[in-house]
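# A look at the structure
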Amino acid sequence: MMGSSQYNRSPLKQPEDRPPQNALQLIWGVALFLMGLAVIFRMPVVIDKISGAGQLSSGLYFLRFCFYLIAVILMGGGIKKINKFRISANTKNHPVNKDGNTHASE
């Protein structure tokens, strides 16, 4: 007969036999950060092209603000994912369990 603990698994938790998704999240965080940098470095070229058209010259500062805001949000999200990966990597290797017991005593 199967134990009841097998049926009590939360659907949000990963089974222990599956590899963690942390490496994919790290790659995604680095990609977000790099896209934020790309927006910042591409901004002057795009603003020059738009200002050359002359139609949006009154809203040019607002457009510049919006693009820089997008870049900051992208970079902030990337940094958040990278820090979350670093924290999870450090806690997995920590010798003390959540209940205060050490791995050596098991």
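Here goes a summary of the coordinates provided. (Residues numbered from 1 in each chain as written. Predicted model: local features only at pLDDT ≥ 70, side-chain atom pairs only at ≥ 80, totals over all residues. Heavy atoms only, no water.)

Within the chain, the regular secondary structure consists of 2 helices and 0 strands. Across the 106 residues that make up the chain, the buried fraction comes to 10%. Partitioning the intrachain contacts of the chain with sequence separation of at least 6 by distance along the chain shows that 66% fall at a separation of at least 24. Summed over its atoms, the accessible surface of the chain is roughly 8900 Å², and 64% of this surface lies on carbon and sulfur atoms. (Helix = DSSP H or I, 4+ residues; strand = E, 2+ residues; numbered from the N terminus. Buried < 20%, exposed > 50% of the residue type's maximum accessible area, 1.4 Å probe, protein only. Contact = heavy atoms within 4.5 Å. Areas by Shrake-Rupley, 256 points an atom, 1.4 Å probe, with all protein chains shown as cover.)

All right, on to the nonpolar core then. As a rule of thumb, nonpolar side chains are buried together in soluble globular proteins. If you look at the biggest cluster of nonpolar residues, it comprises 5 residues: V39, M43, I47, L60 and A71. Element by element, the count of residues in this core is highest for helix 1 (residues 22-53), at 3 residues. I47 has contacts with L60, L63 and R64, leaving out every residue within four places of it along the chain. (Core = buried A, V, L, I, M, F, W, Y, C linked by side-chain atoms within 4.5 Å.)

Right, let's get into the side chain of S88. Inspection of the secondary structure puts S88 in helix 2 (residues 60-92). Among the polar contacts listed, one links the side chain of S88 to the backbone oxygen of F85, at a separation of 3.0 Å. (Polar contact = N/O pair within 3.5 Å; in protein donor to acceptor, adjacent residues only side chain to side chain.)

Together, F62, F65, L69 and I73 make up a nonpolar patch on the protein surface, roughly 450 Å² of accessible area in all. Tracing the chain through its elements places F62 in helix 2. (Patch = residues over 30% accessible without salt bridge, like charges linked within 9 Å, V, L, I, M, F, W, Y side chains within 5 Å. Salt bridge = Lys/Arg side-chain N within 4 Å of Asp/Glu carboxyl O.)

For the rest of this paragraph, the subject is the environment of I40. Note on placement: I40 falls in helix 1. On the basis of relative accessibility, which here comes to 28%, the residue I40 falls in the partly exposed class. Expressed as a C-alpha distance, the spacing of I40 and Y68, which sit 28 residues apart in the sequence, is 6.6 Å. Leaving out residues up to four positions away in the same chain, I40 has contacts with Y68, A71 and M75.

Looking at the element boundaries, I82 is found in helix 2. Spatially, the C-alpha atom of I82 lies 8.5 Å from that of I27, the residues being 55 residues apart in sequence. Dropping the residues within four chain positions of it, I82 is found in contact with L26, G29 and V30.

None of this, on its own, says anything about what the molecule does.
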